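Coordinate analysis (summary)
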Amino acid sequence: MIGVGHHDFFNIFREWRDFDFDEVVRDPAVIRVVQEIRVAETLAQKINAVNRLMEKVE
Amino acid sequence: MNRPELPWDIAVVGLGINAVHQTSREVEETIRRCRQTFVIDVSLGVVDYLKTLCPSVTDLMPKYSTETHRRLIYRRMASEVVAAATQNAPVCFATYGHPKTYCHPTTLIQRTARVLGLKVEVLAGISSLDTLLIDLDIDPGVDGLQVYDATDVVVRRRPLQTDVSCVIMQAPIVLEAYNRRGAPAIDNLRLLQNYLAEFYPLTHDVVLVISKTHPLLESIRQSIPLGKLASSLATRQGSLIGTLFIPPLKHREVMDQKLADRMKLPGRKGVARPGTTIPRRSGRPPIGPRDE
């Protein structure tokens, strides 16, 4: 809906710990999805792969 | 004119609230230097204006699909920005308001970019909190300011200080995880009202504020007794925007008078050092600080 803001309800859905970069980049699932982003041949594939990465960093 | 390349892959910028009139020169210059700009802003003329600055502008508002969880919407928005940056940097993510004031896509972009080795710079914009202070003529230096998201305040049962001004963001969509159209859900609004009523009397007036998004518009300020908050917000058909301002019930008393006295103007009763007076030229009227 227009103009309602774009926040995450202030962490009430947040399962994430405080973002631990070192922990995230060691996660095999993250490594796999980063490789998918690198080799994606189309922008649509890239967007989908980045979307999956978003799930991992939330 | 050749402009130096930006040293970032992604610029995240705030456009302000009042259409293009609150967009800073810093932000404009950044957008000019980006190859592509992704924008979230429905204010009149903003997208068209950005098209005069950047060769490729993508409006992300269509991503706000209805009946979709908001987190998925923000991921989609952020994914487009980051994906574009991996193949055509620098790109810009431009959002209305301030990009670090209640703007989850910014966090998603920052975290994902870090994993991918992309550089991100975030530039400030005028937020709805800034415009609210103007619309209500409030200086938070007087009573202080507590700012909460409506859902967060209910879910966490945040303690509220009733002698401090209180701002509740996103009140009309309290406890609403999905992007929906139509009137706000009365049951959710009642939960918010009941929680606030644990701190404030039902007769206490709160103010719904919707800041203007175009210079030709007027900001909306609607005073509502707390006891009628839920029903009042629920009847605002289709209006899911707005911020609540709750004035303090009373001003907080000074607890340490000795320290407070140190902050008074020199020459005030009980403060001036012995033998000192405010210097005055002869024949001048007695303006300025004087003994009480």
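For the rest of this paragraph, the subject is the overall build of chain A. Along its length, chain A carries three helices and zero strands. Across chain A, helices and strands are ordered from the amino to the carboxyl terminus as α-α-α. Relative to its full complement of 58 residues, chain A shows a buried share of 28%.

The subject of this paragraph is the overall build of chain B. From N to C terminus, chain B includes 10 helices and 12 strands. Residue burial in chain B is summarised as follows: out of 292 residues, 41% are buried. Sequence separation of 24 or more characterises 65% of the internal contacts of chain B that already satisfy a separation of 6 or more.

Attention now goes to the nonpolar core. Ranked by size, the top nonpolar core spans 50 residues in total, and within it Ile10, Ile31, Val81, Cys92, Ala94 and Ile109 of chain B carry the most contacts. For this core, the element with the most residues is helix H3 (residues 70-88) of chain B, which contributes nine residues.

Residues and elements named next belong to chain B. The predicted model of chain B averages 90 in pLDDT, with 90% of residues at 70 or higher. The least confident element of chain B, judged by mean pLDDT, is strand E9 (residues 178-179) at 84; the most confident is strand E1 (residues 10-14) at 98. Interface confidence in the predicted complex, given as ipTM, is 0.79; pTM for the same model is 0.85.

Residues and elements named next belong to chain B. Pairing is mixed in the open sheet, where five strands are placed in the order E7-E8-E12-E10-E11. Two strands in the sheet have a free side with no partner beyond their single neighbour: strand E7 (145-149) and strand E11 (220-225). Each strand of the sheet is rotated relative to its neighbour by a mean of 25°, with strand direction disregarded. In terms of strand pairing, strand E10 (residues 205-210) meets strand E12 (residues 243-246) through three bridges, oriented antiparallel. Bridge pairing in E12 links valine 209 to threonine 243.

Residue and element names in this part refer to chain B. Turning to helix H8 (residues 186-196), its buried residues are Asn188, Leu189, Leu192, Gln193 and Leu196. Looking straight down H8, one finds that the buried residues subtend no more than 140° of arc, so they occupy a single side. Looking at the buried side of H8, the elements it contacts are helix H7 (150-155) and helix H9 (229-234).

The next point concerns helix H5 (residues 128-135) of chain B. Residue and element names in this part refer to chain B. Of all the positions in H5, only Ser128, Thr131, Leu132 and Asp135 are classed as buried. For H5, the buried positions fall inside an angular range of 110° around the axis, keeping them on one side. Tucked into the core, H5 has its buried residues touching strand E8 (165-169), E10, E11 and E12.

Taken N-terminus to C-terminus, the directions of helix H3 (residues 43-57) of chain A and helix H4 (residues 104-116) of chain B make an angle of 105°; their axes are 9 Å apart at the nearest point. Our classification of the angle between H3 of chain A and H4 of chain B gives roughly perpendicular. Residues Val50, Leu53, Met54 and Val57 of chain A of H3 of chain A form the contact with H4 of chain B, whose participating residues are Leu108, Arg111, Thr112 and Val115 of chain B. Looking at the contact of H3 of chain A with H4 of chain B residue by residue, the class counts come to six nonpolar, one polar and one charged.

Let us now look at the sheet that holds E1 of chain B. All names here are of chain B. With respect to topology, five strands assemble into an open sheet ordered E3-E2-E5-E1-E6, the strand pairing being parallel. Two strands bound the open sheet, and with one partner strand each, they are strand E3 (57-59) and strand E6 (120-123). The mean angle between the axes of side-by-side strands here comes to 20°, regardless of whether they run parallel or antiparallel.

Take the domain arrangement of chain B next. All names here are of chain B. Domain boundaries in chain B define domain 1 (10-126) and domain 2 (129-246). Averaged C-alpha coordinates put domain 1 and domain 2 at centres separated by 26 Å. Counting from both sides, the interface comprises 17 residues of domain 1 and, opposite them, 15 residues of domain 2. Residue composition of the side of domain 1 that touches domain 2, grouped by class: seven nonpolar, eight polar and two charged.

Calculation criteria
Residues numbered from 1 in each chain as written. Chains lettered and ligands numbered in written order. Predicted model: local features only at pLDDT ≥ 70, side-chain atom pairs only at ≥ 80, totals over all residues. Helix = DSSP H or I, 4+ residues; strand = E, 2+ residues; numbered from the N terminus. Buried ≥ 20, exposed ≤ 12 C-beta atoms within 10 Å, placed from the backbone. Contact = placed C-beta atoms within 7 Å. Core = buried A, V, L, I, M, F, W, Y, C linked by C-beta atoms within 7 Å. pLDDT = per-residue confidence, 0-100. Pairing = 2+ DSSP bridges. Axes fitted to C-alpha atoms, helices over the stretch in contact; angles between N-to-C directions. Arc of directions from axis to C-beta. Parallel < 35°, antiparallel > 145°, perpendicular 65-115°, else oblique. Nonpolar A, V, L, I, M, F, W, Y, C, P; charged D, E, K, R; others polar. Domains from an automatic or database assignment.

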